[in-house]
Amino acid sequence: MLDTSLPDGWRQAHLGHWMSQALLRFDARVLSLMARNEDVPLALSNLAARGRLSASHIHITRHLALDGSRLSELAQRANMTKQAMGKLVDQCEAWGLVTRQDDLRDARARRIVFTPVGLAWLQAYRQAVAQAEEELRAAVGAEVATVIAIGLEAYAA
């Protein structure tokens, strides 16, 4: 039986909750910055500005190797199912960010690679991440931001 006299606030006040909220805010800010980046093709800017691109789409940007990745590798790096990643890749392919190519090491496999538009998107992502990190430093202070980065890196390792 559930003891209803127990305090309930802990469910929204633990580290996991705050890390999740921070990641949502950070990714939303990155997408917002990318939507306004003049180097991002207009069609992608419009998709980002209208909320059609999400943090899920950032998984491809974050995890796709510069020389390409197999779908299974990309899904594993993003901690997603192969099917869910396949849908994201399909969308990104339709938007011109990525393409599928034959894998030279395995004739049965395909590799997902950035297109030139996708590489411009990746550069915009890099710039947006740098700006969002700078905004975080300004919000919490350089020393706290450094401690957060070191702590999260150690925790994730």
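Here, every reference points to the structure presented above.
So, here is what we can say about the structure in this document. (Residues numbered from 1 in each chain as written. Predicted model: local features only at pLDDT ≥ 70, side-chain atom pairs only at ≥ 80, totals over all residues. Heavy atoms only, no water.)

**A word on the environment of E133**
The condition that has to hold: The secondary structure listing takes helices from DSSP runs of H or I that are at least 4 residues long and strands from runs of E that are at least 2 residues long, numbered from the N terminus. Classification of residues uses two cut-offs on accessible area relative to the type maximum, computed with a 1.4 Å probe and protein chains only: under 20% is buried, over 50% is exposed, and between them is partly exposed.
Mapped onto the elements of the fold, E133 is located in helix α6 (residues 116-140). Assessed through its relative accessible area of 36%, E133 is described here as partly exposed. The spatial distance from the C-alpha of E133 to the C-alpha of L152 is 14 Å, given a sequence separation of 19 residues.

**Some points on the pattern of salt bridges**
Pairing is possible between side chains of opposite charge, provided their charged atoms come close. Selection criterion: One side-chain nitrogen of Lys or Arg within 4 Å of one carboxyl oxygen of Asp or Glu is enough to make a salt bridge.
Throughout the structure, instances matching the rule amount to 12 salt bridges. The salt bridge involving E135 is made with R29; its shortest N-O contact spans 2.7 Å. Of this pair, E135 sits in helix α6 while R29 sits in helix α1 (residues 15-35), placing them 106 residues apart in sequence. Accessibility expressed as a relative area gives 28% for E135, which makes it partly exposed. Measuring nitrogen to oxygen at the nearest pair gives 3.0 Å for the salt bridge that ties R100 to D90. You can see R100 sitting in strand β1 (residues 98-103) and its partner D90 sitting in helix α5 (residues 82-94), a full 10 residues away along the chain. A residue is classified by how much of its surface remains accessible, and R100, at 24% relative accessible area, is partly exposed. Judged by relative accessible area, D90 falls into the partly exposed class, the value being 43%. Through salt bridges with shared partners, a single ionic network connects R70, D103, R105, D106, R108 and R111.

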